[in-house]
Amino acid sequence: MAINLLLNEDSFENNDQSTLEDIYNRIDNLDRIKSMIEGVNVRKKELSLEKDIILKNLAIYDKIIYNELTVSDFIYGDDEIKNDYKVMLRSLIDKSKNLFDDHIEGHICLFNNATCLIFSVDDLINFYYKYFEKLDDGNEFFNRIKIHFPNLHLHENARVSLIEIQDNLIPFAPNIVKTLRYLNDNLKASLEKNKDPRAMLEDLTASISLHASIEGKGKERLNFKFTTTDGNIKTLCCEPHVKYNRSEESGVEKEYYRLYFHTGDKDIEDGKVLIAHIGTHL
């Protein structure tokens, strides 16, 4: 599913009398946002999914961005403006599709204003993560993980298990995403620091305020087959897991969902953290 992001034309109106240097910094920031969206679209293309789209209203060209210059003057004319920044902003605006009746999920802004959702790269990251909270389709949730968590590798069973719980996914999504963020961004550093997997899990528990542990018994159920770089099959026990207590919004009584993972194997996906299962207790 494509996400539509609008260049908020009102945010291109320089109401705060920002200096030219301020505007250059903001254009640099917009370019970083654009680059991140392009990176997301590269991963979506690999999965044969629709790309996210940046849109614009044509009124954006008439906004006063600096002194008496409209956006159109800024990107096409005045010699005072550094050419690199003309090109950068022109590329972003001109290549954005024209808005007609499309549904808009988020607003990208040049100058911050009340309607702004995405003012920085961090805002964009948080926007994408919040998007998970609206998903009630296990297959799309699985694909979104593949798109937005590049340091994780998902076993196909993770797709199956997410589909199994999709009717009850929304109330658990915030905690699942919180776990995935930690595994993607921090797990390897924690493991390197602690050396001991149990100490690593204590770090994980403290960081996300969700209980992480190693399975006590029945570990044969936690064996998953992964394909190595040279095409062989390797079986790994994915016993570390994070436990999710039943949400108050959940319709399932006495249910505990779990995320089972492996800290990574050098022969599989360059040692990425491996996600084996997100769903019912194994």
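Predicted model only: the values in this text are computed from it and were never measured. (Residues numbered from 1 in each chain as written. Predicted model: local features only at pLDDT ≥ 70, side-chain atom pairs only at ≥ 80, totals over all residues. Heavy atoms only, no water.)

Visitor: Now, about the packing of aromatic side chains: what can you tell me, with residues and values included?
Guide: Counted by the stated rule, this structure contains six aromatic pairs. Between the aromatic rings of phenylalanine 132 and phenylalanine 149, the centroid separation amounts to 6.0 Å while the plane-to-plane angle is 55°, which identifies the pairing as tilted. Residue phenylalanine 132 is located in the loop between helix H4 (121-131) and helix H5 (138-148), and its partner phenylalanine 149 is located in the loop between H5 and strand S7 (152-154); the two are separated by 17 residues in the primary sequence. Each member of the pair, phenylalanine 132 together with phenylalanine 149, is buried. (Phe/Tyr/Trp six-rings, centres within 6.5 Å; stacked < 30°, edge-to-face > 60°. Helix = DSSP H or I, 4+ residues; strand = E, 2+ residues; numbered from the N terminus. Buried < 20%, exposed > 50% of the residue type's maximum accessible area, 1.4 Å probe, protein only.)

Visitor: So what about the packing of helix H1 (residues 20-46) against H5? Which residues, and what values?
Guide: Where H1 contacts H5, the axes come no closer than 9 Å and their chain directions differ by 130°. By the angle class used here, H1 and H5 are oblique. As for the relative orientation of H1 and H5, their crossing is right-handed in sense. In this structure, H1 uses Val40, Arg43 and Lys44 to contact H5, whose residues at the interface are Arg144, Lys146, Ile147 and His148. (Axes fitted to C-alpha atoms, helices over the stretch in contact; angles between N-to-C directions. Parallel < 35°, antiparallel > 145°, perpendicular 65-115°, else oblique. Left-handed = near helix turned anticlockwise from the far one by under 90°. Contact = heavy atoms within 4.5 Å.)

Visitor: I'd like to hear about the nonpolar core, residue by residue, with values.
Guide: In this structure, Phe74, Leu89, Phe141, Ile145, Phe261 and Ile275 are the most contacted members of the largest nonpolar core, which totals 73 residues. When residues of this core are assigned to their parent elements, the largest contribution, eight residues, is made by H1. With sequence-adjacent residues up to four places away left out, phenylalanine 141 is seen in contact with Phe132, Leu135, Leu162, Leu169, Ala173, Ile176 and Val177. Among the nonpolar cores identified, the runner-up in size contains seven residues, and Phe226, Leu236, Cys238 and Leu274 belong to it. (Core = buried A, V, L, I, M, F, W, Y, C linked by side-chain atoms within 4.5 Å.)

Visitor: How would you sum up the sheet that holds strand S12 (residues 257-262)? Please name residues and give values.
Guide: Here we have five strands laid out as an open sheet, ordered S7-S13-S12-S11-S8, and mixed in their pairing. Two strands close off the open sheet at either side, each with one partner strand: S7 and strand S8 (212-214). Ignoring which end each strand starts from, the neighbouring axes of this sheet average 35° apart. As defined by bridge partners, strand S11 (residues 240-244) adjoins S12 across four bridges and the pair is classed as antiparallel. Note that in S12 the partner of tyrosine 244 across the bridge is tyrosine 257. Of the strands in this sheet, S7 and strand S13 (273-280) are in contact with helix H6 (residues 156-164), which crosses S13 at around 20°. Helix H9 (residues 197-208) rests against S8, S11 and S12 of the sheet, and its axis sits at about 160° to S8. (Pairing = 2+ DSSP bridges.)

Visitor: Please give an account of the environment of tyrosine 128 that cites residues and values.
Guide: Along the polypeptide, tyrosine 128 turns up in helix H4. When the C-alpha atoms of tyrosine 128 and glycine 106 are compared, they prove to be 9.7 Å apart, with 22 residues separating the residues in sequence. In this view, tyrosine 128 contacts Ile3, Leu5, Ile37, Val40, Asp52, Arg144 and His148; residues no more than four positions away in its chain are not counted.

Visitor: I'd love a proper account of H9, names of residues and values included.
Guide: Between the first and last C-alpha of H9 there are 17 Å, a value that for 12 residues agrees with the 16 Å anticipated at 1.5 Å per step. Considered for burial, the residues of H9 that qualify are Ala199, Met200, Leu201, Leu204 and Ile208. Considering only its buried residues, H9 is in contact with helix H7 (173-185), helix H8 (187-194), S8, S11 and S12. At the exit of H9 stands serine 209, carrying a positive phi of roughly 60°. (Expected span 1.5 Å × (residues − 1).)

Visitor: Before we move on, can you summarise the sheet that holds strand S5 (residues 97-98) with the specific residues and values?
Guide: Taking strand neighbours across the sheet as the criterion, the four strands line up as S5-S2-S1-S6 in an open arrangement whose pairing is parallel. Unpaired on one side and paired on the other, S5 and strand S6 (106-108) mark the two borders of the sheet. Inspection of the sheet shows strand S2 (residues 53-56) paired to S5 by two bridges, in the parallel sense. Each residue of the ladder has a partner; that of leucine 55, found in S5, is lysine 97. Across the sheet, helix H3 (residues 83-95) touches strand S1 (4-7), S2 and S5, and the angle it forms with S2 is around 90°.

Visitor: Requested: an account of the packing of H1 against H4, with residues and values cited.
Guide: Interhelical geometry of H1 versus H4 gives an angle of 35° and a closest axis separation of 9 Å. Seen from above, H1 lies across H4 with right-handed handedness. Note on element contacts: H4 touches H1 through Val121, Leu124, Ile125 and Tyr128, opposite Arg32, Ile33, Met36, Ile37 and Val40. Residues that form the contact of H1 with H4 fall into these classes: eight nonpolar, no polar and one charged. (Nonpolar A, V, L, I, M, F, W, Y, C, P; charged D, E, K, R; others polar.)

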